[in-house]
Amino acid sequence: MNDSPTGRSAGTTRRRLLAGAGSLGLLGLAGCLGTREGPVPEPTVTGDRIEDWRQIDESRSTVFEQSYGPVTVRARERTLIYEYVDVAEALAATFDASGSPLVFFATRIDLRPAVDQLPAGVGRDRLMAEVEGAAVDAFRAQLRDSGIENVEVADEGTTTVRSGHTATAWRLAGEFPLAGEFPLPDGSTESVSETVEMESRLGVWHDGTDVIVAGGAYPIDPLIEVIGEALPDLADAETLVTELAGAEAAEALATDPAAFDVDVSQLLISVA
């Protein structure tokens, strides 16, 4: 998979990610950086498509610390988490539930001291061997926090991001449990419990200063179809959603997943 872009975690997984990410800079950028002071700058999603998403959470932490001879390296992260507004609001109006299967993550990882100040011989090969697998593990943990389960790697390759850097990219598959009570026009409710098949894309690259991790997830079938499968003996799902939450909600839930794939793919390569 070439030129095909493919999202919070803690403990060993995140430490492994950051160890590997540090090696990415060590291998290619030694001698070109200085030491940054102050807080980690937030990642910036430069694509216009982010206007359809809203930030729902943020994390800032020191997530990696390791000594290399006389030097102790600390990695600090800043992560922004987004959800797709129209779908999140449509699901909330329909099921009176929070959460959405459409999520996007952007993370900046800052190593201190900078890579040009690290001593030679810091186990670069070992660290580099871990970075890609650890990035996938960390992304899986972020997806689990968002309710997406059974995430598995489906494809791996590379892509060129908007800044011109080459990212390692993955496509992943997973599932999102859609459950709740669906109100009916007669005042009764119908239980909905369906599994939404999901696809995710992830990219990891070094931007010349920091490691960037970006990715998102989206359903592979229109959500209105999943709702319809859960309500097989009732009226058309789109009609019911329109009566319950309005035409805009029904339209959001009927969106072709290919549009979400484009959104996530373009947002991924726009992070800086």
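Residues numbered from 1 in each chain as written. Predicted model: local features only at pLDDT ≥ 70, side-chain atom pairs only at ≥ 80, totals over all residues. Heavy atoms only, no water.

Considering the packing of aromatic side chains
Piece 1. For the structure shown, the criterion picks out six aromatic pairs.
Piece 2. Ring centres 5.2 Å apart and planes at 85° place the aromatic pair Trp-53 and Tyr-84 in the edge-to-face group. Of the two residues, Trp-53 is situated in strand E1 (residues 53-68) and Tyr-84 in strand E2 (residues 71-84); the sequence distance between them amounts to 31 residues.
Piece 3. With relative accessibility at 6%, the residue Trp-53 sits in the buried group.
Piece 4. We classify Tyr-84 as buried; its relative accessible area is 13%. (Phe/Tyr/Trp six-rings, centres within 6.5 Å; stacked < 30°, edge-to-face > 60°. Helix = DSSP H or I, 4+ residues; strand = E, 2+ residues; numbered from the N terminus. Buried < 20%, exposed > 50% of the residue type's maximum accessible area, 1.4 Å probe, protein only.)

Comments concerning helix H7 (residues 257-270)
Because an α-helix packs 3.6 residues into every turn, residues spaced three or four apart end up facing the same way.
Piece 1. Compared with an ideal rise of 1.5 Å per residue, which puts 14 residues at 20 Å, H7 spans 20 Å between its outermost C-alpha atoms and is within 8% of the ideal.
Piece 2. With respect to burial, H7 is a largely interior element, ten of its 14 residues being buried.
Piece 3. When H7 is considered as a whole, its buried residues turn out to be Pro-257, Phe-260, Asp-261, Asp-263, Val-264, Ser-265, Leu-267, Leu-268, Ile-269 and Ser-270.
Piece 4. Of the residues flanking the start of H7, the one acting as N-cap is Asp-256, its side-chain oxygen 3.0 Å from the backbone nitrogen of Ala-258. (Expected span 1.5 Å × (residues − 1). Polar contact = N/O pair within 3.5 Å; in protein donor to acceptor, adjacent residues only side chain to side chain.)

A few points about the pattern of salt bridges
Piece 1. According to the stated counting rule, one finds twelve salt bridges in the structure shown.
Piece 2. With a closest N to O distance of 2.8 Å, Arg-78 and Glu-58 form a salt bridge. With Arg-78 in strand E2 and Glu-58 in strand E1, the pair connects residues that are 20 residues apart, well separated along the chain.
Piece 3. The residue Arg-171 makes a salt bridge to Glu-199 at a minimum N-O spacing of 3.2 Å. With Arg-171 in strand E5 (residues 166-183) and Glu-199 in strand E6 (residues 189-206), the pair connects residues that are 28 residues apart, well separated along the chain.
Piece 4. Via salt bridges that share partners, Glu-42, Glu-58, Arg-60 and Arg-78 belong to a single interconnected network. (Salt bridge = Lys/Arg side-chain N within 4 Å of Asp/Glu carboxyl O.)

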